[in-house]
Amino acid sequence: MPVILVANPKGGVGKSTLSSNVAGYLARRGHRVMLGDADRQQSARRWLELRPAGLPKIETWDIDGGRGTVKPPKGVSHVVIDSPAGLKGGRLQALYGVADRIVIPLQPSLFDIQATYDFVQALHDLRRESGHKPKLAIVATRAKEHTLSNEQLQHFLHELGVPVLATLRDTQNYVQLAARGLTLWDVAPGRVERDLAQWEPLTAWLDNN
Ligand SMILES: Nc1ncnc2c1ncn2[C@@H]1O[C@H](COP(=O)(O)OP(=O)(O)OP(=O)(O)O)[C@@H](O)[C@H]1O
Ligand SMILES: [Mg+2]
């Protein structure tokens, strides 16, 4: 059962948006998906409450049962975990320990790159200490025309050895879909064609076991 953690301690970089869309994609593919919410704001959980019946189902669970542990439920095929801003220390360690994949959203500005750089170093430390080796991927989010290109990002992040898998543009599509409990895979493809195309490398990575 793959566990996909979406994490970046920087606030507002698109963690909840990414995790809900990853869950929506996997659900559309016919998987039994759980979307866990490690965030006190419970954004993912509140988003799920808005999700109309009749769409591919996404379930949720009480992620730590109040005990500070993370135990994905049995019987599901895929788990996606949304995580809070400021994630570090024991909480990060616990989530890291259950993750098979970690998707790191990053807004392509220099300041966000610095914060993400530090976060990836922390993940590398955990990898060394624990021997656990989840696959890591960066996804550039809310990319505007004048932000750094994928190539520039790759240049800055080169030493980290984490691929920048996809660049998602800044668009109200995500905002409007989220407000209705929807994802890119719940509306007519023609309406979100450019966005679906930008997700392709990411969905291929998710499909690739
Ligand atoms: N690609 C995008 N284009 C436009 N708006 C976006 C995009 N991705 C996210 N947003 C918007 O940016 C805001 C922050 O996104 P989101 O809530 O997903 O970030 P977050 O990292 O989960 O934040 P927090 O750290 O507070 O949990 C939201 O209003 C969301 O709708
Ligand atoms: Mg969030």
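Reference entry: report on the structure contained in this document.

Reading the values: rules and limits
- Residue indices follow the written sequence of each chain, beginning from 1 at its first position.
- Written order determines the labels here, with chains lettered from A and ligands numbered from 1.
- Thresholds applied to this predicted model are a pLDDT of at least 70 for local features of residues and 80 or more for the giving and counting of side-chain atom pairs; totals over whole chains, interfaces and linings are not thresholded and use all residues.
- To obtain the side-chain values, all non-hydrogen atoms of the structure were included, while hydrogens and water were left out.
- By this definition, two strands are paired if DSSP reports at least two bridges between them.
- Numbered from the N terminus, helices here are DSSP runs of H or I no shorter than four residues, and strands are runs of E no shorter than two.
- In summary, the pairing rule links any two rings of Phe, Tyr or Trp, Trp by its six-membered ring, whose centres are within 6.5 Å, and it sorts them by plane angle into stacked for under 30 degrees, edge-to-face for over 60 and tilted for everything else.
- The rule is simple: take the accessible area with a 1.4 Å probe, protein chains only, and divide by the maximum for that residue type; under 20% is buried, over 50% is exposed, in between is partly exposed.
- Salt bridge, as used here: a side-chain nitrogen of Lys or Arg that lies within 4 Å of a carboxyl oxygen of Asp or Glu.

Our next topic: the sheet that holds strand 7 (residues 164-169). Strand order in the open sheet made by the seven strands is 3-2-4-1-5-6-7, with parallel pairing throughout. Here the strands that pair on one side only, and so sit at the sheet edges, are strand 3 (58-59) and strand 7. Across four bridges, the pairing between strand 6 (residues 135-143) and strand 7 is parallel. Opposite A143, over in strand 7, you have R169 as the bridge partner.

The subject of this paragraph is the packing of aromatic side chains. Summed over all chains, the structure comprises two aromatic pairs. Ring centres of W185 and W199 lie 5.1 Å apart, and the angle between their planes is 85 degrees; on these two criteria the pair is classed as edge-to-face. Of the two residues, W185 is situated in the loop between helix 6 (172-179) and helix 7 (193-207) and W199 in helix 7; the sequence distance between them amounts to 14 residues. Here the two residues W185 and W199 agree in accessibility, since each one is buried. Clustering of aromatic rings is evident, with ring pairs tying together Y25, W185 and W199.

With that out of the way, let us pick up the pattern of salt bridges. For the coordinates displayed, the defined rule picks out eight salt bridges. As a salt-bridge pair, R28 and D186 come within 3.5 Å of each other at their nearest N and O atoms. Of the two residues, R28 is situated in helix 1 (residues 15-28) and D186 in the loop between helix 6 and helix 7; the sequence distance between them amounts to 158 residues. Of the charged contacts in the structure, one is a salt bridge between D170 and R142, with a shortest N-O distance of 3.1 Å. Placement of the pair is D170 in the loop between strand 7 and helix 6 and R142 in strand 6, with a sequence separation of 28 residues. By relative accessible area, which is 45% here, R142 ends up partly exposed.

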